[in-house]
Amino acid sequence: MGRLLESELAREQMPVMGESLVTLGQAREAVKTVLWTQGPKTIVPQPLTVVQQGIWYFISTALDFLAALVAMVAFTRLFTREEYGTWNLTLTTLALLTVVANGGLSQAAVRFYWREADGEGGRPGILYSTLLLAALTLGLVGMALGGTIGLVGRGWPRVSNLAHVLVVAAPLVLTSNLVEIFQGLYRARQEGRAFGIVTLTRRFGTLAVGLVLVSAFHQGVQGYFWGQMAVEAILVAFLLMQMGGAGAVFRSGVSLELLMEFLRYGLPLVITLLALNVLSFGDRYVIQFFLGEGEVGLYAVGYTAAAAVMGLLCRPMNLLVPPLYVACWEREGSQATREMLRRACEVYLMLGLPLFFGLMALGRPVLLALASERFADSAIVLPWAGAGLLLNGLTTMTQASLIIHNRTGLILIAYLVSVTLNLGMNVILVPQIGILGAAVGTTLSYAAHLALVTGCAFRSLEFPLLSAATFRYLLASIVMALVLKSLGGASGLVALLLLVGLGVVTYNFLVGVMDRQFRDKMQWLLRAMRQIDPKA
């Protein structure tokens, strides 16, 4: 999966927090996107063409995010709790299977494209055919695995609903795998417009056809996945035609040497992605086992609402910070990198704390605006989910030295320890306190992951996580939340938007009074946004 779990909303339920975790493959590509002049400490923007690609990428990501929110609003009203839980678990299971079936080929497409396809000695035909035939083969294996799991699971009452849908949806492992390869190639060739068109066609096509099949033809959860299969199959056929047809693509043959290089590069990333997926989604399978699919649906809605709010910050910081600190280290050394990371943490908390406390104050109105009344009980998840997402976002900064020094094995170990802790706490807490136990366990696991990564990374590159300004942001956020809480809950979308606006004005006023450097920090963030190519 070339996009490293494109947020909980990028597959309707994939967590935004996953995007704040950087793999070795991302870091290697990120440093290549940052160019600087020969002058001291002068990082300049990318050429106009690259900036234009970045604009397309941001537009497609924003609209993709919007479509996912629409899907949540629609399907929480069309599905029962149990159906929403089945839908969510199916999406999660398909995501896990696609990670395995992809084999890291999407990242390999980005990593090796210019070496293999560019210049006089380039072999674009062999590159394309090797990638696509490998993706086809691995996709068929993943599809067979998903279908087998579904067939076996039909005999188990606890998972029978999920199993029945999984049998129908298993071909999506194949189609999604092929689409991901094409997307990797578009990223490698810096074709942001094509990337965005494919992303939006896939998202809005699936949403439109799925809604018709679910609402008009009453096909239930399976109808959504039939719609997705139809859209992705047509999309794959069209993309193959754009490359000259399947015959032209596969005529060049396969390079086994190149394939092995792809897999050697990509498979370690698969292990990391699987660990991240289990850390993010393991709680839902525990809830399914102990409480059933209805509680999974309730939990998923609460977590998605929190992800929708906190994701406003997590994704931009993940896009901006890693290329900056890698480039800063290479250009200016350790002391400048420490200062850059200190400022990044300060800016992150300056924006993250009011988002979190705003979610605390307006959580239930936000939840009711996104979901139906039947999911109102999921508000219990919001504070813990928001806290976990806030803590997890800090790892983007704290793990910097592990990325810089290629010590990503320690990141994987931290994942595995956190995964074990998460599953253990969920098994203990979920039977006792229900979905709240899952939220508590997952949040504490993210806190443990942050502590482990920070402890390892700070041995070679330590910087202050908290400052006096951070406590001013905390105080301003608390005051803002109290003001919003004192006005009572919003009873409609317009009232909610007015309260959000009031919160923004209140927080900015308080911080502007207490922190004289507030404007400078915002200008630093805006300069960073202009300098970084989002495809990193």
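All of these numbers come straight from a predicted model, not from anything done at the bench.

(A) Spotlight on the packing of aromatic side chains. One pass over the full model with this rule turns up 14 aromatic pairs. On the basis of an interplanar angle of 90° and a centroid distance of 5.5 Å, the ring pair of Trp-87 and Tyr-224 is categorised as edge-to-face. Taken together, the residues span a long stretch of sequence, with Trp-87 in helix H3 (residues 81-102) and Tyr-224 in helix H9 (residues 220-242) at a distance of 137 residues. Taking the relative accessible area as the measure of exposure, Trp-87 reaches 0% and is therefore buried. Through a chain of ring-to-ring contacts, the aromatic side chains of Phe-75, Phe-79, Tyr-84, Trp-87, Tyr-224, Phe-225 and Phe-375 assemble into a single cluster. The lysine or arginine in question, Arg-158, covers the ring of Phe-289, its NZ or CZ lying 5.0 Å from the ring centre.

(B) Broad picture of the packing of helix H13 (residues 334-370) against helix H20 (residues 493-514). Packing of H13 against H20 leaves a shortest axis separation of 11 Å and a crossing angle of 165°. Overall, the two elements H13 and H20 adopt an arrangement that is roughly antiparallel. By crossing handedness, the relation of H13 to H20 is classed as right-handed. For the pair H13 and H20, the contacting residues are Met-350, Pro-354, Leu-362, Pro-365, Val-366 and Ala-369 in the first and Leu-496, Leu-499, Val-500 and Tyr-507 in the second.

(C) Looking closely at the environment of Ser-176. Assignment of secondary structure puts Ser-176 in helix H7 (residues 171-188). Its relative accessible area of 2% is what places Ser-176 among the buried residues. For the pair formed by Ser-176 and Glu-232, sequence separation is 56 residues and the distance between their alpha carbons is 7.0 Å.

(D) Main features of helix H8 (residues 192-216). With 25 residues, H8 ought to run about 36 Å at 1.5 Å a step, and its terminal C-alpha atoms sit 35 Å apart, in line with that. Phi turns positive, to about 55°, at His-218, one or two residues after H8.

(E) Examining the nonpolar core more closely. Counting 107 residues, the largest nonpolar core has Phe-75, Tyr-84, Trp-87, Phe-225, Tyr-325, Leu-341 and Met-397 as its most contacted members. In terms of residues, this core owes the most to one element, helix H12 (residues 293-332), which gives 19 residues. Ala-108, Leu-132, Ile-181 and Tyr-186 belong to the second-largest nonpolar core, a separate cluster that totals 32 residues.

(F) Up close: the packing of H7 against H9. Where H7 contacts H9, the axes come no closer than 9 Å and their chain directions differ by 40°. In terms of orientation, H7 and H9 fall into the oblique class. Note that H7 runs across H9; the crossing there is left-handed. Contacts from Pro-171, Leu-172, Thr-175, Ser-176, Leu-178, Val-179, Phe-182 and Tyr-186 of H7 reach H9 at Phe-225, Gln-228, Met-229, Glu-232, Ala-233, Leu-235, Val-236, Leu-239 and Leu-240. Counted by class, the contact of H7 with H9 contains 13 nonpolar, three polar and one charged residues.

(G) Layout of the confidence of the model for the chain. Taken residue by residue, the chain gives an average pLDDT of 82. The fraction at 70 or more is 82%. Confidence drops under pLDDT 50 across residues 1-51; counting only partners more than four residues distant or on other chains, this segment forms 165 contacts.

(H) Up close: the pattern of salt bridges. Following the criterion strictly, the structure yields seven salt bridges and no others. Note that Glu-232 and Arg-202 form a salt bridge whose closest N and O atoms lie 3.0 Å from each other. Placement of Glu-232 in helix H9 and of Arg-202 in helix H8 is noted, with a sequence separation of 30 residues between them. Summarising the burial analysis for this pair, Glu-232 and Arg-202 share the class buried. Linking Glu-346 and Arg-342 is a salt bridge whose minimum nitrogen-to-oxygen distance equals 3.2 Å. Separated by four residues within a single helix, Glu-346 and Arg-342 lie in helix H13, roughly one turn from each other. Take Glu-346: its relative accessible area is 7%, and that puts it in the buried class. Residue Arg-342 is classed as partly exposed on the basis of its relative accessible area, which comes to 22%. It is possible to trace a salt-bridge network through shared partners that takes in Glu-180, Arg-202 and Glu-232.

(I) Layout of H3. Compared with the 32 Å implied by 1.5 Å per residue over 22 residues, the 31 Å span of H3 between its first and last C-alpha is a close match. Burial analysis of H3 places 18 of its 22 residues in the buried class, the great majority of the element. Gly-103 lies just past H3 and shows a positive phi near 60°.

(J) Local environment of a nonpolar patch on the surface. Together, Ile-59, Leu-63, Leu-66, Val-70 and Phe-204 line one region of the surface with nonpolar side chains, adding up to about 380 Å² of accessible area. Among the elements that take part in the nonpolar patch, helix H2 (residues 48-78) stands out by supplying four residues, more than any other. You can see Phe-204 is positioned in helix H8.

Rules behind the numbers
- Residues numbered from 1 in each chain as written.
- Predicted model: local features only at pLDDT ≥ 70, side-chain atom pairs only at ≥ 80, totals over all residues.
- Heavy atoms only, no water.
- Phe/Tyr/Trp six-rings, centres within 6.5 Å; stacked < 30°, edge-to-face > 60°.
- Helix = DSSP H or I, 4+ residues; strand = E, 2+ residues; numbered from the N terminus.
- Buried < 20%, exposed > 50% of the residue type's maximum accessible area, 1.4 Å probe, protein only.
- Lys NZ or Arg CZ within 6 Å of the ring centre and 35° of its normal.
- Axes fitted to C-alpha atoms, helices over the stretch in contact; angles between N-to-C directions.
- Parallel < 35°, antiparallel > 145°, perpendicular 65-115°, else oblique.
- Left-handed = near helix turned anticlockwise from the far one by under 90°.
- Contact = heavy atoms within 4.5 Å.
- Expected span 1.5 Å × (residues − 1).
- Core = buried A, V, L, I, M, F, W, Y, C linked by side-chain atoms within 4.5 Å.
- Nonpolar A, V, L, I, M, F, W, Y, C, P; charged D, E, K, R; others polar.
- pLDDT = per-residue confidence, 0-100.
- Salt bridge = Lys/Arg side-chain N within 4 Å of Asp/Glu carboxyl O.
- Patch = residues over 30% accessible without salt bridge, like charges linked within 9 Å, V, L, I, M, F, W, Y side chains within 5 Å.
- Areas by Shrake-Rupley, 256 points an atom, 1.4 Å probe, with all protein chains shown as cover.

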